[in-house]
Amino acid sequence: MKTELRTEITVKNICDGFVYNELEGKGLFGLSGKLTIQPEYQRNFIYADHGGQKEIAVIESLLKGYPLGLIYFNKVAENKFEVLDGQQRITSIGRFVAGKFAIMDNGNPKYFDSLASDQQIRILQSKLLIYECEGTETAIKEWFRTINISGVALNSQELLNAIYSGPFVTLAKAEFSNSQNANIQKWSAYIKGSANRQEFLECALDWVSKGDIDGYMSKHRNDTNITELKSYFKSVIDWVSTVFRDVKKEMQGLEWGEYYEKYHSQSYDPAMVSSEVGRLYGNPYITKKRGIFEFILGGEQDTKLLEVRVFDDTTKHSVYEKQTNAAKEKSESNCPHCAIGHNANKSRIYLLKEMDADHVAAWSNGGGSTAENCQMLCVMHNRAKGNR
């Protein structure tokens, strides 16, 4: 890959012909139409997130004369370039000069047009350090994959978008990485993350590919539709929202794609599911509310999903002493199950460490983790007991 350092390009040059797409939230063109600011392998513009602190910092750096760091252009043809690294900074500059946001100046919000003329000139005449790169697509994208100059590291999906850029990624980003998509709010109930950082797209791809996102994107890179991706994603979301009528915050970020594959062929009564969700949410002994949904889908068998609060040491010691004293008076085992047996353990007195605390009335049947509902069983009998 060939590189050439260019130091003559100013902010004014970059902003000539700057086009920003409000709907998609990205800079499109600059440098009199010669520069594509956000090619498909680039992440979405994220400097405007969190109150725009990062894009404001870019402008303040220009006003103070601070360097913005190296920017890299990929030369794709004569007088035609793509931003290889630096699109967040360039888009921030273009947005400010175009009047899209304000900075604070002596306590007052100031757009570019309301800055003092000397400040405007200082910004427009600022020179940028730009490396012009030229090479094969493979070389360019491999280099892009390894850089981390802009201060916000690329996440795994942003890297995959770069590697497999093409019609499929373009269409997929338009659907799942567009923060203006009206469906984002609904999807956010089940998916954790940011559309801008490609986390909704990553989730959709993870579901349809059964975890092999890299392989799926490689196979479909040149597809001119995303029908399968959209259809599968919609199937999962529709299934979840049908089975669980009540949206709970703990639903966000669960493995819904995995649950769909495992349970969608089973039938559920949404009214009964809703009632059960309410009952379990009201149970003070459940410490892991996120496990409730898979617990219900699986027929309420695996209580480990709920991390039910167990008996504390004080309760176990108290119950052990009470049981042991009563057993010694009767010359029988302090394990109630052994005491009614017919083997050598019928009169055995177990040490505390040889016993487990057990619910007399099973937790799944409403029994609480209280001293009144606790009994100490030998390890063998406790582990053999069902529905604990």
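Summary of the structure given here. None of the values given here were measured: they were computed from a predicted structure.

Scoring rules and cut-offs
- Residues numbered from 1 in each chain as written.
- Predicted model: local features only at pLDDT ≥ 70, side-chain atom pairs only at ≥ 80, totals over all residues.
- Heavy atoms only, no water.
- Helix = DSSP H or I, 4+ residues; strand = E, 2+ residues; numbered from the N terminus.
- Buried < 20%, exposed > 50% of the residue type's maximum accessible area, 1.4 Å probe, protein only.
- Contact = heavy atoms within 4.5 Å.
- Phe/Tyr/Trp six-rings, centres within 6.5 Å; stacked < 30°, edge-to-face > 60°.
- Salt bridge = Lys/Arg side-chain N within 4 Å of Asp/Glu carboxyl O.
- Core = buried A, V, L, I, M, F, W, Y, C linked by side-chain atoms within 4.5 Å.
- Expected span 1.5 Å × (residues − 1).
- Disulfide = S-S within 2.5 Å.
- Polar contact = N/O pair within 3.5 Å; in protein donor to acceptor, adjacent residues only side chain to side chain.

As a further point, take the environment of Glu134. Within the secondary structure, Glu134 sits in strand 9 (residues 130-134). Among the residues examined, Glu134 registers a relative accessible area of 35% and is labelled partly exposed. Dropping the residues within four chain positions of it, Glu134 is found in contact with Met1, Lys2 and Lys75.

Right, let's get into the packing of aromatic side chains. Describing an aromatic ring pair means giving the distance of the ring centres and the angle of the ring planes. Tallying each qualifying case throughout the model produces 18 aromatic pairs. Between Phe176 and Phe233 the ring centres are 5.0 Å apart and the planes differ by 75°, which places this aromatic pair in the edge-to-face class. Of this pair, Phe176 sits in helix 7 (residues 167-176) while Phe233 is found in helix 11 (residues 227-243), placing the two residues 57 residues apart along the sequence. Like Phe176, the residue Phe233 is buried in the burial classification. Aromatic side chains Trp207 and Phe233 sit 5.2 Å apart centroid to centroid with 20° between the ring planes, which places their arrangement in the stacked category. Taken as a pair, Trp207 in helix 9 (residues 199-209) and Phe233 in helix 11 lie far apart in primary sequence, 26 residues in all. Overall, the relative accessible area of 4% leaves Trp207 in the buried class. A network of ring pairs unites the aromatic residues Tyr190, Phe244, Trp256, Tyr259, Tyr281 and Phe293 as a single cluster.

Our focus in this paragraph is the pattern of salt bridges. Pairing between side chains becomes possible if they bear opposite charge and their charged atoms approach one another. Taken as a whole and judged by the stated rule, the model has 18 salt bridges. The shortest N-O distance in the salt bridge between Glu78 and Lys75 comes to 3.6 Å. For Glu261, the salt bridge identified is with Lys210, shortest N-O distance 3.8 Å. In this pair, Glu261 sits in helix 12 (residues 256-263) while Lys210 sits in the loop between helix 9 and helix 10 (213-220), placing the two residues 51 residues apart along the sequence. Three or more residues are tied together by salt bridges with common partners; here these are Arg6, Glu8 and Glu132.

Membership of the largest hydrophobic core comes to 54 residues, with the highest contact counts inside it found for Trp207, Leu229, Trp239, Phe244 and Trp256. Beyond its immediate stretch of four places on either side in the chain, Trp256 contacts Tyr190, Trp207, Val236, Trp239, Val240, Phe244, Met251, Phe293 and Leu297. Of all hydrophobic cores here, the second largest spans 31 residues; its members include Val11, Leu35, Val58 and Phe73.

Working note: α-helix, 3.6 residues per turn, so residues spaced by three or four point in the same direction. Its 12 residues give helix 2 (residues 53-64) an end-to-end C-alpha distance of 16 Å, which sits within 8% of 16 Å, the value for a rise of 1.5 Å per residue. The complete set of buried residues in helix 2 reads Glu55, Val58, Ile59, Ser61, Leu62 and Leu63. Against the buried residues of helix 2 lie helix 1 (11-15), helix 3 (87-97), strand 7 (103-105) and helix 4 (117-124). Phi for Gly65, located one or two positions after helix 2, is positive at around 80°.

What follows covers the state of the cysteines. Overall, the coordinates contain zero disulfides when judged by the stated rule. Cys378 forms no disulfide, and the closest cysteine sulfur to it belongs to Cys335, at a distance of 3.7 Å.

Glancing now at the side chain of Asn196. Along the polypeptide, Asn196 turns up in the loop between helix 8 (184-187) and helix 9. Side chain to side chain, Asn196 and Asp49 meet in a polar contact 3.4 Å long. With residues up to four places along the chain from it excluded, the contact list for Asn196 reads Asn44, Phe45, Ile46, Asp49, Glu158, Ser177 and Ser179.

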